[in-house]
Structures are given as structure tokens and as C-alpha cells.
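# Tertiary structure, described
Given next are the chains, with one letter for each unit.
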Amino acid sequence: MTGRFHKMHGLGNDFVIVDAREQEMELSAAKATAIADRHSGIGCDQLIILRPSDIADFRMQIFNADGSEVEACGNASRCVAKLIGEETRIETKGGVITGHATADGAIVDMGTPRFDWQAIPLAYAMDVLNMPVGWEDLQNPAAVNVGNPHLIFFVEDSAVVELDRLGPMIEVDPLFPEKVNVNVAHIADGVIHLRVWERGVGLTQACGTGACATAVAAIKRGLVTSPVRVDLPGGSLTISWTAGESIQMQGPTTYVFSGEADWSQFG
Ligand SMILES: N[C@H](CCC[C@H](N)C(=O)O)C(=O)O
């Protein structure tokens, strides 16, 4: 059974987007993993499936490369908003978000961040803005839920952190019942420099929800003011947020190509 897909990315965080409002697309975790595989599949960080919704313009399913279905994906939300063009409301597992295309990408309202430990979620009560925990040199993080769970470490120089070793260790720590995305950031001249180990994927070129969560934690700690530029390996996003408000994220998107695939080959 063949079907169409779009290949897009947000600062190198790349997606296979399937509009299942127009085609049948039954999906299992194994099938999502096979499609995302960069050798035997199409290859992407996340597989995005658009489906009809009763409460928004459409529903967006988000599957990490490991097949896990998750609540939010900022860069994919921007890519889908760019694809749709006009203002659009998107239902996700993490809530309803809105977005619209801009000249070079999209602006997305990611909803309001959550800080209570049960909402992150953590396994037990803790001050989520200054957590009394650490892993080797990474100490005293913050945790924010922006639809999905993020842990944020502010360090001297994010470039030298061995995130490829520490990220997977922290991602599956029992403190995080639903695992966690791991962010390491430093601030220079009011700009956040960020690298992310993504839950269910690994190191990515950019992470939209990571940029949102890190910007929110930095603003709450008084390290930066809103709006703030977040520089990731793949490029820059601009995040705006004030306490009690929803998070706005703006940045470029890239449309790579559209293709056809025989979905039955992936299981
Ligand atoms: N790995 C994330 C989902 C994708 C987040 C990232 N690609 C973004 O742009 O927000 C998670 O498991 O919560």
C-alpha cells in the first residue's frame, strides 16, 4: 500500500510527515522505528502522522526514532504549521497548540509550561527549579514540562559536556518515570547556547521543546530576559515567555522533498 510523505526539518531536526487524513496509515512502534531508520528506512528523528481531530484542525501523532509515541515536538509543530500555511490548531498528546507560517518558517504557541513535580513527572517531590541531584559534573538542574519532560543543566561551556555519554544515563534514570530529554546550556551575552540529548532519539541538531524548556528555566532563574535567542548546533530559535503565559517559539523550517513509499515494506 503506497502513500505520500513530506521530508522536512527544523534546524536539522528532521521529520517524515505523513498526512493520514488522505491515506490509511496503521502504525506500530516497530513500524515507526523501521521508517525512521537511516539505513533501511526513510530516515528521520521523528515520524509525524497527521490525522483528523474532533477538537482541533487536525491531530498530530509524534513517534521518536525508537518507536515511542510522545506528547510534543516543537520543531515538527513548526514544520507542520509551515506546511499548512494559515493559522492552524494542532491536537497533540500534550495539549492543543497553534501555529502559522512565516516567510522563512513558522511561529508556534506551545502552551503554558508546567513546574509541579508530578507534571514533569518526577518519581518523588522536589524543587524543580533547583533540583538537589546530579550526575558527575552535571549538578543542580531544573525540570520543566512543555508537553514533554525536560531536564536542564546550566554549565560553564555546553560544548565540552560529554552529552553522548551522560545523556543516555540520565534519560533512563528512575527519577523520571517517563524518561526525560536532557538539555545542557550556557549563556553568553544574553544568548542561550544549547545542546540536547533527546528522549527516544539521542543527540539531535536542534530540539524545539528543549529550547522552550531551557528558555523558561533560564528566565525563571533570572539568567536571561524574554524574548531570548537559543543557539543550537543546527541554528537559532527565538523563544518568548513571561510567567503565567504560553510559550511562543519562532524559527526557520526547511522543506526537503515529497515522496512515495510502500508502507507495507516497514511491517
Ligand atoms: N524527543 C522528544 C520529542 C521530540 C522533541 C524535539 N524534536 C522537539 O523539536 O521538540 C521527547 O521524547 O519528548
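Remember, it's a predicted structure, so these values are computed and weren't measured experimentally.

## What about the packing of aromatic side chains?
- Considering all chains together, one arrives at six aromatic pairs under this definition.
- With a centroid separation of 6.1 Å and an interplanar angle of 65°, the aromatic rings of phenylalanine 5 and tryptophan 263 are classed as edge-to-face. One end of the pair, phenylalanine 5, is in strand E1 (residues 2–10); the other, tryptophan 263, is in the segment after strand E19 (254–262), with 258 residues separating them in the sequence. In this structure, phenylalanine 5 and tryptophan 263 share a single accessibility class: buried.
- In this structure, lysine 220 is placed above the aromatic ring of phenylalanine 115, and the distance from its NZ or CZ to the ring centre is 4.1 Å.

## A word on the site of the ligand
- Around the ligand there are 15 residues in total, and Gly74, Glu198, Arg199, Gly208 and Thr209 lie nearest to it.
- Measuring from a nitrogen atom of the ligand, one finds a side-chain N or O atom of glutamate 198 at 2.8 Å.
- A distance of 2.8 Å separates an oxygen atom of the ligand from a polar side-chain atom of arginine 199.
- Burial of the ligand by the protein amounts to 100% of the accessible area it has alone, namely 360 Å².
- The set of elements that each furnish at least two residues to the shell around the ligand consists of helix H2 (74–84) and helix H4 (208–220).
- Per-class residue counts for the shell around the ligand are four nonpolar, nine polar and two charged.
- In terms of domain composition, the shell around the ligand takes at least three residues from each of domain 1 (2–110 + 253–262) and domain 2 (134–245).

## Concerning the side chain of glutamine 61
- Tracing the chain through its elements places glutamine 61 in strand E4 (residues 58–64).
- The class of glutamine 61 is buried, set by a relative accessible area of 11%.
- Here arginine 51 takes part through its side chain, which lies 2.4 Å from a polar atom of the side chain of glutamine 61.
- A polar atom in the side chain of glutamine 61 sits 3.2 Å from the side chain of glutamate 69.
- Aside from chain neighbours lying at most four places away, what touches glutamine 61 is Leu47, Ile48, Ile49, Arg51 and Glu69.

## Quick notes on the UniProt feature "binding site: substrate" (unreviewed entry) in the protein chain
- Residues given the UniProt feature "binding site: substrate" (unreviewed entry) here are Asn13, Gln46, Asn64, Gly74, Asn75, Asn148, Asn181, Glu198, Arg199, Gly208 and Thr209.
- Note that glycine 74 resides in helix H2.
- Residue classification places glycine 74 among the buried residues on the basis of a relative accessible area of 1%.
- Other than its neighbours up to four places away in sequence, glycine 74 contacts Met110, Gly208, Thr209 and Met249.
- Relative to the assigned elements, asparagine 75 resides in helix H2.

## With respect to the pattern of salt bridges
- Overall, the coordinates contain ten salt bridges when judged by the stated rule.
- Aspartate 45 serves as the salt-bridge partner of arginine 38, at 2.9 Å between the closest nitrogen and oxygen.

## Looking at the domain arrangement of the protein chain
- Taken domain by domain, the protein chain holds domain 1 (2–110 + 253–262) and domain 2 (134–245).
- Centre-to-centre separation of domain 1 and domain 2, based on C-alpha positions: 22 Å.
- Listed as interface residues are 19 residues of domain 1 and, on the opposing side, 21 residues of domain 2.
- Where domain 1 abuts domain 2, roughly 1300 Å² becomes buried across the two surfaces, and 53% of that area is made up of carbon and sulfur atoms.
- Sorting the residues of domain 1 by area buried against domain 2 places Leu11, Glu71 and Met110 first, and these three jointly supply 39% of that buried surface.
- For the pair domain 1 and domain 2, the interface holds one salt bridge.
- Arginine 199 is the salt-bridge partner of glutamate 71, the closest N and O atoms lying 2.7 Å from each other.
- At the junction of domain 1 with domain 2, the criterion picks out six residue pairs in polar contact (both at pLDDT 80 or more).
- Considering each element in turn, the side of domain 1 that touches domain 2 owes the most residues, three residues, to H2.
- Each residue belonging to the side of domain 1 that touches domain 2 can be placed in one class, and the counts come to six nonpolar, nine polar and four charged.

Calculation rules
Each chain carries its own residue numbering, running from 1 in the written order of its sequence. Whole-chain, interface and lining totals are the exception, using all residues; otherwise, since this is a predicted model, local features are given only for residues with pLDDT of at least 70 and side-chain atom pairs are given and counted only at 80 or more. The basis for the side-chain values is all heavy atoms of the structure; hydrogens and waters are excluded. Two rings from Phe, Tyr or Trp (for Trp, the six-membered ring) form a pair when their centres sit within 6.5 Å of each other. Planes less than 30 degrees apart are called stacked, planes more than 60 degrees apart edge-to-face, and all others tilted. Under the scheme used here, helices are H or I runs from DSSP no shorter than 4 residues and strands are E runs no shorter than 2 residues, and both carry numbers assigned from the N terminus. Only protein chains enter the accessibility calculation, which uses a 1.4 Å probe. A residue is then buried if its area is under 20% of the maximum for its type, exposed if over 50%, and partly exposed in between. Lysine and arginine charges are scored as sitting over a ring when NZ or CZ, respectively, is within 6 Å of the ring centre and within 35 degrees of the ring normal. Any residue with a heavy atom positioned within 4 Å of a molecule or strand is treated as near that molecule or strand. The term polar contact refers here to a pair of N or O atoms within 3.5 Å; inside protein, the definition further demands a hydrogen-donor-capable atom paired with an acceptor-capable atom, and it admits residues adjacent in sequence only when both atoms are side-chain atoms. All accessible areas in this document rest on Shrake-Rupley with a 1.4 Å probe, and a residue is counted as covered only by the protein chains that are shown. When residues are grouped by polarity, Ala, Val, Leu, Ile, Met, Phe, Trp, Tyr, Cys and Pro land in nonpolar, Asp, Glu, Lys and Arg in charged, and all others, Gly among them, in polar. An automatic or database domain assignment provides the domain bounds reported here. The criterion used for residue contact is that any of the two residues' heavy atoms lie within 4.5 Å. UniProt positions are given in the numbering used here, feature names are shortened, and annotations may be inferred rather than shown by experiment. One speaks of a salt bridge when a side-chain nitrogen belonging to Lys or Arg is within 4 Å of a carboxyl oxygen belonging to Asp or Glu. Buried area is understood as the total, over both parts, of accessible area removed when two parts are fitted together, assessed with a 1.4 Å probe.

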